[in-house]
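# Structural features, examined
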Amino acid sequence: MEKEKSLTLEELLRPCVKFRNAGITEQMEKIAEEFLEVDEASEKYVVSPSDFKKKHLAMEIADVIVSCVTYLHNLGYDLAGRKKIYKEIYKKNDIRDYYKDYRKGE
Ligand SMILES: [Mg+2]
């Protein structure tokens, strides 16, 4: 069996450059649309959980993440800029102890 190649941060958090000229309103509408799809997928999963519905929900959540990464990119945050933002967010969350159990490996 061939070993699966690990994705780099850049590959994991790649913006949709096709929408590089999207305005703020269009980007917010896209994020809202994707969020509603997460809401719908969550409800379907909660009502009758299945592996298929769980994967569908996960993909909708990832759509929100990609939409947000695209918005950051369009605001002018390239990968290095986004890394700085993520670091600040993680630092803020760390101060709030949001990663307490994560650090312990639990
Ligand atoms: Mg979606």
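Just so you know, these numbers come straight off a predicted model, no measurement behind them. (Residues numbered from 1 in each chain as written. Predicted model: local features only at pLDDT ≥ 70, side-chain atom pairs only at ≥ 80, totals over all residues.)

## A word on the overall build of the protein chain
Applied cut-off: Helix and strand labels come from DSSP, where a helix needs a run of H or I of at least four residues and a strand needs a run of E of at least two; each type is numbered from the N terminus. Residue pairs qualify as contacts under a 7 Å threshold applied to their C-beta atoms, which are placed from the backbone.
Of regular secondary structure, the protein chain possesses five helices and zero strands. Counting from the amino terminus, helix and strand elements in the protein chain follow one another as α-α-α-α-α. Projected onto its principal axes, the C-alpha positions of the protein chain cover 40 × 40 × 40 Å. For the protein chain, the proportion of contacts with a sequence separation of at least 24, taken over those separated by at least 6, is 63%.

## Section: the environment of G76
Tracing the backbone shows G76 in the loop between α3 (51–74) and α4 (79–95). Remark: the alpha-carbon pair of G76 and R20, spanning 56 residues in sequence, is separated by 10.0 Å.

## As for the packing of helix α2 (residues 24–47) against α3
Inclusion rule: Axes, fitted as lines to C-alpha atoms, cover a helix only where it is in contact. Angles between the N-to-C directions of the axes lie from 0 to 180 degrees. Angles are sorted into four bins: roughly parallel if under 35 degrees, roughly antiparallel if over 145, roughly perpendicular if 65 to 115, and oblique for all others. Less than a right angle of anticlockwise turn of the near helix away from the far helix marks a crossing as left-handed, whereas a clockwise turn marks it as right-handed. Residue type decides the class: Asp, Glu, Lys and Arg count as charged, Ala, Val, Leu, Ile, Met, Phe, Trp, Tyr, Cys and Pro as nonpolar, and the leftover types, Gly among them, as polar.
Between α2 and α3, the least distance of the axes is 9 Å, while the angle of their chain directions is 165 degrees. One element, α2, and the other, α3, form an angle in the roughly antiparallel class. Crossing of α2 against α3: the hand is left-handed. Among the residues making up the contact of α2 with α3, the classes are represented as 10 nonpolar, six polar and eight charged.

## Examining α4
Definition in use: Multiplying 1.5 Å by the residue count of a helix minus one yields the expected span of that helix. We call a residue exposed when 12 or fewer other C-beta atoms sit within 10 Å of its C-beta, buried when the count reaches 20 or more, and partly exposed for counts in between; the C-beta positions come from the backbone.
Its 17 residues give α4 an end-to-end C-alpha distance of 24 Å, which sits within 8% of 24 Å, the value for a rise of 1.5 Å per residue. Burial analysis of α4 places just zero of its 17 residues in the buried class, a small minority of the element. Once α4 finishes, D97 follows within two positions and takes phi at roughly 70 degrees, a positive value.

## Regarding the domain arrangement of the protein chain
What counts here: For the domain bounds, the source is a domain assignment made automatically or taken from a database.
By the assigned domains, the protein chain splits into domain 1 (24–75) and domain 2 (78–106). When each unit is reduced to the centre of its C-alpha atoms, the spacing between domain 1 and domain 2 is 22 Å.

## Overview of unusual backbone geometry
Despite not being glycine, D97 has its phi angle at roughly 70 degrees, a positive value. Mapped onto the elements of the fold, D97 is located in the loop between α4 and α5 (100–103). The class for D97 is exposed, based on 9 C-beta atoms found within 10 Å.

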